[in-house]
Amino acid sequence: MKKILNILLFTIIALVSFSTNVYAQQTIFNVPSADLTEKGMIFFQHQSSFSNKFAGFDNNFVLGVGKNSELDITLFDVGTKNIQNEVLALGFKSVIPLFEKNYTKLTFGHLIPISLRGNGVGGYTYSHLSTVLPRINTRLTSGIAIGTTTLFDRDFVCYIAGVEQPITKRLSLVMDWYSGRHSNGFLIPGFYYSFTPKTILSLGYRIRNKTQNGPNGFIVEISKFF
């Protein structure tokens, strides 16, 4: 019930809010964004997730290579509390515009997670469609993700979704969700604020689908383009 109330509250706020253009970021929280790093630019994002019993730190480095694609290197769970599962992931993301008029895009990405603790090599693949609603400029994202034990504690196929609602030129309400029972199985409502076109702060609160997914807690992200 708590999860449903959070979804309804966020949806109501998003639909009635005044909106305008907003600066982009490369993920919503955990769901990859339909935004793409421009050719020759570097994008860096640090994410901290924490509660009273848990802390997790991820660092993502992205290089825009053109042709609707970018290359990604991510360090997961480095320097964490109550977890020992450091993973280096290498991969890419491609974004294909489908309809320019309403900014509809098809996104596809793949990461190869390599355990730095000797727990093998796995995979993480995702694909989604996103579109921007007219007038209110709400971006809706919907798709699927496939992950393996190396990064997510178990093998899974799940639904992924996201909502991004500009409020002002710098401020947006955002929310994303992974369904299922795994380490990414959380609903995360929050917001992001663009201090400059190249520096973004994101704050959210993650709500677990199931107790086995891990504790609820806060998420803080700092994103920077170079």
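Residues numbered from 1 in each chain as written. Predicted model: local features only at pLDDT ≥ 70, side-chain atom pairs only at ≥ 80, totals over all residues. Heavy atoms only, no water.

1. Let's talk about the environment of lysine 210
Counting through the fold element by element, lysine 210 comes out in the loop between strand 11 (199-208) and strand 12 (217-225). Residue classification places lysine 210 among the partly exposed residues on the basis of a relative accessible area of 42%. Note: C-alpha distance between lysine 210 and glycine 185 (25 residues apart in sequence) is 7.6 Å. (Helix = DSSP H or I, 4+ residues; strand = E, 2+ residues; numbered from the N terminus. Buried < 20%, exposed > 50% of the residue type's maximum accessible area, 1.4 Å probe, protein only.)

2. Brief notes about the pattern of salt bridges
Per the stated rule, a full pass over the model turns up 4 salt bridges. A salt bridge links lysine 93 to glutamate 70; the shortest N-O distance between them is 3.7 Å. Linking lysine 93 in strand 4 (residues 87-99) with glutamate 70 in strand 3 (residues 69-76), this pair joins segments that are 23 residues apart in sequence. Judged by its relative accessible area of 2%, lysine 93 falls in the buried class. A salt bridge links arginine 117 to glutamate 86; its shortest N-O distance comes to 2.6 Å. Within this pair, whereas arginine 117 is found in the loop between strand 5 (104-115) and strand 6 (124-132), its partner glutamate 86 is found in the loop between strand 3 and strand 4, the two being separated by 31 residues in sequence. Take glutamate 86: its relative accessible area is 16%, and that puts it in the buried class. Taken together, the shared-partner salt bridges in this structure form one network comprising Asp35, Arg139 and Glu164. (Salt bridge = Lys/Arg side-chain N within 4 Å of Asp/Glu carboxyl O.)

3. Considering the packing of aromatic side chains
Counted under the stated rule, the structure contains 10 aromatic pairs. Ring geometry for tyrosine 124 versus tyrosine 126: centroids 5.5 Å apart, planes at 40 degrees, classification tilted. Its relative accessible area of 5% is what places tyrosine 124 among the buried residues. Since its relative accessible area comes to 6%, tyrosine 126 is described here as buried. Cluster of aromatic residues (ring-pair linked, three or more members): Tyr124, Tyr126, Phe152 and Phe156. (Phe/Tyr/Trp six-rings, centres within 6.5 Å; stacked < 30°, edge-to-face > 60°.)

4. With respect to the side chain of serine 179
Position of serine 179 among the secondary structure elements: in the loop between strand 9 (171-178) and strand 10 (186-196). If near-sequence neighbours (up to four positions away) are discounted, serine 179 is found in contact with Cys158, Tyr159 and Asn209. (Contact = heavy atoms within 4.5 Å.)

5. Points about the sheet that holds strand 6
Ordered in space as 1-2-3-4-5-6-7-8-9-10-11-12, the 12 strands form a closed barrel in which the pairing is antiparallel. Taking each pair of neighbouring strands and ignoring which way they run, the sheet shows an average axis angle of 20 degrees. (Pairing = 2+ DSSP bridges. Axes fitted to C-alpha atoms, helices over the stretch in contact; angles between N-to-C directions.)

6. Examining the environment of isoleucine 42
Mapped onto the elements of the fold, isoleucine 42 is located in strand 1 (residues 42-50). Sequence separation between isoleucine 42 and leucine 63 is 21 residues; the distance between their C-alpha atoms is 4.7 Å. Once you skip the residues sitting within four places of it in the chain, isoleucine 42 turns out to touch Thr37, Val62, Leu63, Lys224, Phe225 and Phe226.

7. Brief notes about unusual backbone geometry
In the Ramachandran plot, lysine 67 falls in the positive-phi region, its phi being about 55 degrees despite a non-glycine side chain. Looking at lysine 67, the relative accessible area reads 83%, which means it is exposed. Unusually for a residue other than glycine, asparagine 137 sits at a positive phi of about 60 degrees.

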